[in-house]
Amino acid sequence: MTDQNPFIWHELVTPDQKKSGTFFSQLFGWTRKEVDAGKFGIYTLFQKDGQDVAGMMNPTAETPASSRFWHSYIAVENVDACAERAPLLGGSVVVPRMRSGRWPVCVVADPTGAIVHLLQPVRP
């Protein structure tokens, strides 16, 4: 994954997508496209010139409703290998491997508790 910036997606978690979406859309000149994310509710894609630039979602069981934050996804070659290595390096797996759309993802924390979302892009 060294041929590009490893930070490949940014996502806002907020309990009030309407208010946050209006703010960031007006601040950055983005448009919004809502999609059905099944059990996760509505997922909003922020777009600029018709291109997806970021996403927005409601808090999940792993993120308390009072939480509001942006987080980034880092592209990795192998989500499973990273999840196996994290505890060996003093970190932890916060959310085990799952699928987000067609991509495998997991959430790991470093030894200080700082979390990062790892995403394994599926090549076409």
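For the structure, see preceding data.
What counts, and where the lines are drawn
Once a new chain begins, its residue numbering starts again from 1 and follows that chain's sequence as written. With pLDDT at 70 or above as the cut-off, local features in this predicted model cover only qualifying residues; side-chain atom pairs require 80 or more to be listed or tallied, and sums for whole chains, interfaces and linings still use all residues. Computation of side-chain values covers all heavy atoms of the structure but excludes hydrogens and water. Only DSSP runs of H or I with at least four residues qualify as helices, and only runs of E with at least two residues qualify as strands; both kinds are numbered from the N terminus onward. Two things to know: the radius of gyration comes from C-alpha atoms, and the globule rule equals 2.2 Å times the number of residues to the power 0.38. Accessible area is worked out with a 1.4 Å probe on protein chains only. A residue is then buried under 20% of its type maximum, exposed over 50%, and partly exposed in between. Throughout, a contact is declared for two residues whenever any of their heavy atoms are within 4.5 Å. The accessible surface values rely on the Shrake-Rupley method and a 1.4 Å probe; as for residues, cover is taken only from the protein chains in view. In the analysis that follows, any N or O atom pair within 3.5 Å is treated as a polar contact, provided that within protein one partner can donate a hydrogen and the other can accept it, and provided that, for residues neighboring in sequence, both atoms belong to side chains. What makes a patch is a set of residues exposed beyond 30% relative accessible area and free of salt bridges, joined within 9 Å when like-charged and within 5 Å when nonpolar (Val, Leu, Ile, Met, Phe, Trp, Tyr). Each reported salt bridge corresponds to a side-chain nitrogen of Lys or Arg within 4 Å of a carboxyl oxygen of Asp or Glu. A pair of strands counts as paired when DSSP detects no fewer than two bridges linking them. Picture the helix axis, draw a direction to every C-beta atom, and the arc is the one those directions span.

## Re the overall build of the chain
Turning to step 1, where the next piece is worked out: Along its length, the chain carries 2 helices and 8 strands.
Turning to step 2, where the next piece is worked out: When the helices and strands of the chain are read in sequence order from the N terminus, they spell out β-α-β-β-β-β-α-β-β-β.
Turning to step 3, where the next piece is worked out: For 124 residues, the compact-globule estimate of 2.2 N^0.38 gives 14 Å, and the chain sits close to it at 15 Å.
Turning to step 4, where the next piece is worked out: Out of the 124 residues belonging to the chain, those deemed buried represent 35%.
Turning to step 5, where the next piece is worked out: Relative to all contacts within the chain whose residues are 6 or more apart in sequence, the contacts with residues 24 or more apart total 47%.
Turning to step 6, where the next piece is worked out: In the structure as shown, the chain presents an accessible area of about 7900 Å², 56% of it carried by carbon and sulfur atoms.

## Quick word on the side chain of histidine 117
Turning to step 1, where the next piece is worked out: On the secondary structure map, histidine 117 appears in strand β8 (residues 115-119).
Turning to step 2, where the next piece is worked out: Histidine 117 sits in the buried class, given a relative accessible area of 11%.
Turning to step 3, where the next piece is worked out: Among the polar contacts made by the side chain of histidine 117, one reaches the side chain of histidine 71 at a distance of 3.1 Å.
Turning to step 4, where the next piece is worked out: Those residues in contact with histidine 117 that lie beyond four places of it in its chain are His71, Ser72, Tyr73, Ile74, Cys106 and Val107.

## Considerations on a nonpolar patch on the surface
Turning to step 1, where the next piece is worked out: Side chains of Phe23, Leu27 and Phe28 sit close together on the surface and give an oily, nonpolar patch of about 310 Å² of accessible area.
Turning to step 2, where the next piece is worked out: Counting through the fold element by element, leucine 27 comes out in helix α1 (residues 17-28).

## Observations regarding the pairing of strand β7 (residues 103-109)
Turning to step 1, where the next piece is worked out: The buried fraction of β7 amounts to 6 of the 7 residues, a majority that puts the element mostly inside the structure.
Turning to step 2, where the next piece is worked out: As paired strands, strand β6 (residues 92-100) and β7 are joined by 6 bridges and run antiparallel to one another. From the neighbouring strand, arginine 99 faces β7, where its bridge partner is proline 104.
Turning to step 3, where the next piece is worked out: Taking the residues between adjacent antiparallel strands as the criterion, β6 and β7 are bridged by 2 residues, where glycine 101 takes a positive phi near 70°.
Turning to step 4, where the next piece is worked out: Inspection of the sheet shows β7 paired to β8 by 5 bridges, in the antiparallel sense. For valine 105, the partnering residue across the bridge sits in β8 and is leucine 119.

## Some words on helix α2 (residues 79-88)
Turning to step 1, where the next piece is worked out: All buried positions along α2 are accounted for by Val79, Cys82, Ala83 and Ala86. Angular distribution of buried residues about the axis of α2 spans 100°; they occupy a single face of the element. Across from the buried face of α2, at angles greater than 90 degrees, the exposed residues are Glu84 and Leu88.
Turning to step 2, where the next piece is worked out: Buried residues along α2 sit in contact with β6, β7 and β8.
Turning to step 3, where the next piece is worked out: Measuring from the backbone nitrogen of aspartate 80 back to the side-chain oxygen at the start of α2 gives 2.9 Å, which picks out asparagine 78 as the cap.
Turning to step 4, where the next piece is worked out: Glycine 90 sits one or two residues past α2 and shows a positive phi near 95°.

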